[in-house]
Amino acid sequence: MIKSIYETHVQVRSLEDSIEFYRRLGLTFVHKIEERRCAFFFVGEQKQMLGLWETGEKELKRSHFAFGIAAPDLHEALTWLRSQG
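Participant: Explain the pattern of salt bridges to me, and be specific about the residues and the numbers.
Facilitator: Two side chains that carry opposite charge are able to pair once their charged atoms sit near each other. Enumeration according to the criterion identifies 7 salt bridges in this entry. Across the pair E20 and R24 runs a salt bridge whose closest N-O atoms are separated by 4.0 Å. Taken together, the residues E20 and R24, both in helix α1 (residues 15-24) and 4 residues apart, mark about one turn of the helix. Exposure remark for E20: the relative accessible area of 41% places this residue in the partly exposed category. Through salt bridges with shared partners, a single ionic network connects E16, K32, E34, R37 and E54.

Below is the structure:
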């Protein structure tokens, strides 16, 4: 059975704004490739990867993914997310 996600890639409007957003959430910034307009973060202890790819508005595809958190933290998640902007 699936226990986690190995890697996820998402399209973003602004690479710099997205890098700042995920840094505020506490993800570990790994690498940026300026000429390809992409950046990578590690997520969690197992260093699962999140890839961010900047794209034009017309090419942007809406998608979503979810981070796992401990059940006891669920009640505080919304407050914490708001505090991180």
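Participant: Please set out unusual backbone geometry residue by residue, giving values where relevant.
Facilitator: Backbone geometry at R37 places phi at a positive 55 degrees, although glycine is not the residue there. Positive phi, close to 55 degrees, is recorded for K47, a residue that is not glycine. Structurally, K47 is set in the loop between β3 (38-43) and β4 (48-54). Classification of K47 by relative accessible area gives exposed; the value is 51%.

Participant: Lay out the nonpolar core with the relevant residues and their values.
Facilitator: Buried together is how nonpolar side chains tend to be arranged in soluble globular proteins. If you look at the biggest cluster of nonpolar residues, it comprises 12 residues: V10, V12, L15, I19, Y22, L25, L27, A39, F41, V43, L50 and L52. At the level of elements, β1 (7-12), α1, β3 and β4 are the ones that each hand at least two residues to this core. Residue contacts for L50: discarding those within four places in its chain leaves T8, V10, Y22, L27, A39, F40, F41, V43 and F65.

Conventions and cut-offs
- Residues numbered from 1 in each chain as written.
- Predicted model: local features only at pLDDT ≥ 70, side-chain atom pairs only at ≥ 80, totals over all residues.
- Heavy atoms only, no water.
- Salt bridge = Lys/Arg side-chain N within 4 Å of Asp/Glu carboxyl O.
- Helix = DSSP H or I, 4+ residues; strand = E, 2+ residues; numbered from the N terminus.
- Buried < 20%, exposed > 50% of the residue type's maximum accessible area, 1.4 Å probe, protein only.
- Core = buried A, V, L, I, M, F, W, Y, C linked by side-chain atoms within 4.5 Å.
- Contact = heavy atoms within 4.5 Å.

None of the figures reported here should be taken as evidence of function without further support.
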